[in-house]
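# Summary of the model geometry
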Amino acid sequence: MKSFLLIHFILLIGGVCFTQKNECPILPTPNVFQIKNSTLQFIGLNPEFPVNEEGLSTAFQRISQLYFNKNIITESGQKVSFQKLINVPQESYSIEIGSEIRIQYADFNGAIYALNSLFQLAKINQNGQIEIPACYISDAPRFTWRGLHLDVSRHFFTVDEVKKFIDMMAVYKFNTFHWHLTDDQGWRIEIKKYPKLTEIGAFRNRTVNNHYATTPRTWDSTRYGGYYTQDQIREVVKFAKERGVTVVPEIEMPGHARAALAAYPEYSCTGIQHDVEGLWGVFDDIFCAKSETISFLQEVLSEIIPLFPDKYFHIGGDEAPKTRWKQCSRCQSVIQENGLKDEHELQSYFIQKMDKFLLENGKQLIGWDEILEGGLSPNAAVMSWRGMDGGLEAAKQGHFVVMSPGSHCYFDHYQGRGHNEPLAIGGFTPLEKVYDFNPIPEKMNAQEAGFVLGAQGNLWTEYIGSFDKLMYMAYPRAIALSQTLWTSKKPEYDDFLYNLQESHFPRLKQWRVNYSVTAFAPILRTVRTESGVDVQVVSKFKGREFIIETKSFKRGKKRGKSNGLVYNSKEIKGLKMNSHKALGAFIQFKTPPNTRYNAGDLVLLDGQLGARPWKGHEWLGFDTTVIEFDVILSKKTNVKFIEISFLKDAGSWIHLPETIEISTIDNDDKKTVKVTAEKMKVNWKVNNTQKIHLKIQALKTIPNGLPGEGHAPWTFIDEIIVK
């Protein structure tokens, strides 16, 4: 009998999921969902739990209360039976809803997921009865690491807020909570042997206002901070375990250490006392590589390790400048005594010391992809954030990998084009981009893909100062990521949008989650036509796209009447476009943009100005010293001036270029101007020209004293306006 059940279960896992609108409201989408033509009504549910299944009864009561806000367990209710299976995939489950409700599951997590799926199907009708469609579900996750990360160092969140964050993770079948507990701006975990880590390191005396790149800078001088006691840490870990979520702590080293060094400056290279940092960014003062510092950190870890019973321990390892190490006699002695090549190998030496210590204490080290530099410990796992290449290289070397690239998994980025979006660090990661993410890159072979544990969404909180904003930035993008990490039968994006609006937004509202509806907000879209461009106001509603209005332009001039609403109507207030003679023109690139920041040449000629702070999609990014391209107008045109917008964000290595040279082959006119502002208007009177050549000279290197000094800068260009 067990053999038959196993074969039946595996066959159904490989079946087809029907994904027509609203047929399967469960998210993440089950691998198999077979609907029957009936809806069952129950006055309540009467669960019967297996012997020795500790916690399942409590979980049933808790999850049913979450969905229904009342007790639905009654002796006269519909029977719900549970059966634990062996030799089936971990975290898998099946549900049969018919004359009774039968749940089969592989382990505790599988049972939790089954209950969430069951209650996502259920509704309470007007008579107070529970309605559930008759159906069969068979399900198992695609990846074993389905994570969300929370930075509590830049901004602190209470125990109750952390718990609610984990509660929502469990609803959408995430199983790993990456808790970023220390950084330059705050140390958030009690260490009894080193009390100054929280007495001093948990509080900062000022915090920068507005965006990092805003000039001139201003400060909020309110004392800010907080930390978790070890008892509170245990409480959160227990809470997460009851919901099928593993907690992975992160203690940053050797970089991002200013809060710790404010408390114990003797473990830096200089010994100089600094305050806990109130500015965002990367700082030169990191943990010294001397033996005393390594002993100090290992003693700190000795207190933390017992608080987290699960396998992985994150030690950071990212963004560690080597400036202090190069000048430090103690660090240079370590390099010489151990036959190391340079400071990169010194970081590898540092990480290997921690890896050995963690291994001796029953933990496996995981760190950001910089830990690959200088050689990686054989036991370490890699979290790839600088794109996918770090993860690919780690997999080639036989290391386990968690993909978390900034391009798709950074939920601190902007998610909408509108100017009403709340302040974010930068970048542009809309819901659809998250939904399209695949943790297995195309160039990875099957053997390498076997080392990919899964992926994770990251919430860095420099610009997330409240729990409401945290949830706004996380949802619904986290749900989109859960689709990628769970199901191998992902529905079309529009079907996903329909499901969100129809079934999940009402629940998020019920749970008082401040979710974003930005993916459904109207946007401007410029489309080239034979005679010019159409500028459309486009919106989506329940999986369908609606063009609210279209305006047609020929050589920058509006043609005909608009359809429908006007741009200052309530529904589309704030959408702006600039009409000019090059609107919709083509560009021939001699120097193409970097592939990471290339949304196509129309970005420069679509009439839409890039927002500041920048959101990525409104700019073309170049990483070359000279940038050359031609603007090809639709016909010969008289030009009075050209205006070009650049981006300046020194914290992101983005700088203004030095000069702009404008010329044309139609005559010998050429003009070169020095770039002095982000928006440069160049008076350039030329008659009857059709091709305008631009040559932009960028800085060769970033000046000393700025982030990325000595490296080549980025140049970001926005709209080119021709009048």
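This write-up is about the structure you can find in this document. (Residues numbered from 1 in each chain as written. Predicted model: local features only at pLDDT ≥ 70, side-chain atom pairs only at ≥ 80, totals over all residues. Heavy atoms only, no water.)

It is worth spelling out the pairing of strand S4 (residues 93-97) at this point. Within S4, four of the five residues are buried, which leaves it mostly tucked inside the rest of the structure. Pairing geometry for S4 and strand S5 (residues 101-105), over five bridges, is antiparallel. Residue pairing across strands places Ile97 opposite Ile101, the latter belonging to S5. Here S4 folds back onto S5 in antiparallel fashion, the turn holding three residues. (Buried < 20%, exposed > 50% of the residue type's maximum accessible area, 1.4 Å probe, protein only. Helix = DSSP H or I, 4+ residues; strand = E, 2+ residues; numbered from the N terminus. Pairing = 2+ DSSP bridges.)

Of note, the bond from Leu27 into Pro28 is cis; its omega dihedral lies within 30 degrees of zero at -5°. Positionally, Pro28 belongs in the loop between helix H1 (2-13) and strand S1 (32-42). Cis geometry is adopted by the peptide bond preceding Pro254, which originates at Met253 and carries an omega value of -5°. Take Pro254: it is sitting in the loop between strand S16 (246-253) and helix H7 (258-263). If you check the backbone angles, Asn52 has positive phi at about 65° while not being a glycine. Positive phi values are uncommon outside glycine, yet Glu319 reaches one of about 45°. If you trace the backbone, Glu319 turns up in the loop between strand S17 (312-316) and helix H9 (323-327).

A few words on the state of the cysteines. This structure, assessed with the given rule, holds zero disulfides. The thiol of Cys288 is not disulfide-bonded; the next cysteine sulfur, from Cys269, is found 3.6 Å away. (Disulfide = S-S within 2.5 Å.)

The subject of this paragraph is the packing of helix H17 (residues 477-486) against helix H18 (residues 493-510). Relative to each other, H17 and H18 sit at 125°, their axes nearing to 12 Å. Relative to H18, H17 is oriented oblique. For H17 against H18, the interelement crossing comes out right-handed. For the pair formed by H17 and H18, the contact residues are Ile479, Ala480 and Gln483 on the first element and Phe496, Leu500 and Leu508 on the second. A breakdown of the residues in the contact of H17 with H18 according to their chemical character gives five nonpolar, one polar and no charged. (Axes fitted to C-alpha atoms, helices over the stretch in contact; angles between N-to-C directions. Parallel < 35°, antiparallel > 145°, perpendicular 65-115°, else oblique. Left-handed = near helix turned anticlockwise from the far one by under 90°. Contact = heavy atoms within 4.5 Å. Nonpolar A, V, L, I, M, F, W, Y, C, P; charged D, E, K, R; others polar.)

Moving on: the packing of aromatic side chains. Inspection of the entire model under this criterion finds 37 aromatic pairs. Ring plane angle 55° and centroid distance 5.6 Å describe the contact between Tyr435 and Tyr493, whose orientation is recorded as tilted. Highlighted residues: Tyr435 in helix H14 (residues 431-435) and Tyr493 in helix H18, separated in sequence by 58 residues. The exposure class of Tyr435 is buried, given its relative accessible area of 2%. By the ring-pair criterion, three or more aromatic residues cluster together here, those being Phe49, Phe60, Tyr67, Phe68, Phe82, Tyr105, Phe119 and Trp511. When the ring centre of Phe586 is taken as reference, the NZ or CZ atom of Arg528 above it lies at 4.0 Å. (Phe/Tyr/Trp six-rings, centres within 6.5 Å; stacked < 30°, edge-to-face > 60°. Lys NZ or Arg CZ within 6 Å of the ring centre and 35° of its normal.)

Below, the discussion takes up the environment of Lys79. With respect to the helices, strands and loops of the structure, Lys79 is situated in strand S3 (residues 78-84). Assessed through its relative accessible area of 33%, Lys79 is described here as partly exposed. Through-space distance from the C-alpha of Lys79 to that of Glu502 is 29 Å; in sequence the pair is 423 residues apart. Excluding residues that lie within four positions of it along the chain, Lys79 makes contacts with Asn46, Glu48, Glu100 and Ile101.

Here helix H8 (residues 291-304) is 14 residues long and its end C-alpha atoms lie 20 Å apart, about the 20 Å a rise of 1.5 Å per residue gives. Along H8, the residues classified as buried are Thr293, Ile294, Phe296, Leu297, Gln298, Val300, Leu301, Glu303 and Ile304. Elements in contact with the buried residues of H8: strand S11 (186-187), helix H5 (196-199), helix H6 (230-241), S16, S17 and helix H11 (343-360). (Expected span 1.5 Å × (residues − 1).)

Looking now at helix H4 (residues 159-171). Between its terminal C-alpha atoms H4 stretches 19 Å, which fits the 18 Å expected from 13 residues at 1.5 Å a residue. Most of H4 is tucked away: ten of the 13 residues are buried. Within H4 the residues assigned to the buried category are Val159, Val162, Lys163, Phe165, Ile166, Asp167, Met168, Met169, Ala170 and Val171. Within two residues after H4, Lys173 carries a phi angle of roughly 65°, on the positive side.

It is worth spelling out the sheet that holds S16 at this point. For sheets, the rule is that strands pair by backbone hydrogen bonds, running either parallel or antiparallel. Pairing in this closed barrel of eight strands is parallel, and the strands run S8-S9-S16-S17-S18-S19-S20-S21 around the ring. For this sheet the average axis-to-axis angle between neighbouring strands, irrespective of direction, equals 25°. Sheet analysis places strand S9 (residues 176-180) next to S16, joined by five bridges and oriented parallel. Opposite His180, over in S16, you have Glu250 as the bridge partner. Contacts from H11 reach S16, S17 and strand S18 (364-368), with the element oriented near 150° to S18.

On to the side chain of Ser539. With respect to the secondary-structure elements, Ser539 resides in strand S23 (residues 533-541). For Ser539, a relative accessible area of 13% puts it in the buried group. A distance of 2.8 Å separates a polar atom in the side chain of Ser539 from the backbone oxygen of Phe520. If sequence neighbours within four positions are ignored, Ser539 has contacts with Phe520, Ala521, Pro522, Arg544, Glu545, Phe546 and Ile548. (Polar contact = N/O pair within 3.5 Å; in protein donor to acceptor, adjacent residues only side chain to side chain.)

Here Thr461 lies in the loop between strand S21 (452-459) and helix H16 (467-474). The class of Thr461 is buried, set by a relative accessible area of 0%. If sequence neighbours within four positions are ignored, Thr461 has contacts with Leu150, Asp151, Arg154, His155, Phe157 and Leu470.

With respect to the element layout, Val300 can be found in helix H8. Placed 49 residues apart in sequence, Val300 and Ile251 show a C-alpha to C-alpha distance of 9.5 Å. If sequence neighbours within four positions are ignored, Val300 has contacts with Trp187, Ile191, Tyr194 and Leu197.

Looking now at the pattern of salt bridges. Per the stated rule, a full pass over the model turns up 22 salt bridges. Put simply, Glu235 and Lys163 hold a salt bridge, and the shortest N to O gap is 2.6 Å. A residue pair is termed long-range when its members are at least 10 positions apart, and Glu235 in helix H6 and Lys163 in helix H4 qualify at 72 residues. Judged by its relative accessible area of 36%, Glu235 falls in the partly exposed class. Shared partners join several salt bridges into a network, and the residues in it are Asp151, Arg154, Asp183 and Glu462. (Salt bridge = Lys/Arg side-chain N within 4 Å of Asp/Glu carboxyl O.)

Bringing the packing of H8 against H11 into the picture now. Close contact between H8 and H11 brings their axes to 11 Å; oriented N to C, the two are set at 35°. As for the relative orientation of H8 and H11, their crossing is right-handed in sense. Taking contact as the criterion, the partners of Ile294, Leu297, Gln298, Leu301 and Ser302 in H8 are, on H11, Tyr349, Phe350, Lys353, Met354, Phe357 and Leu358. Class assignment of the residues belonging to the contact of H8 with H11 gives a composition of eight nonpolar, two polar and one charged.

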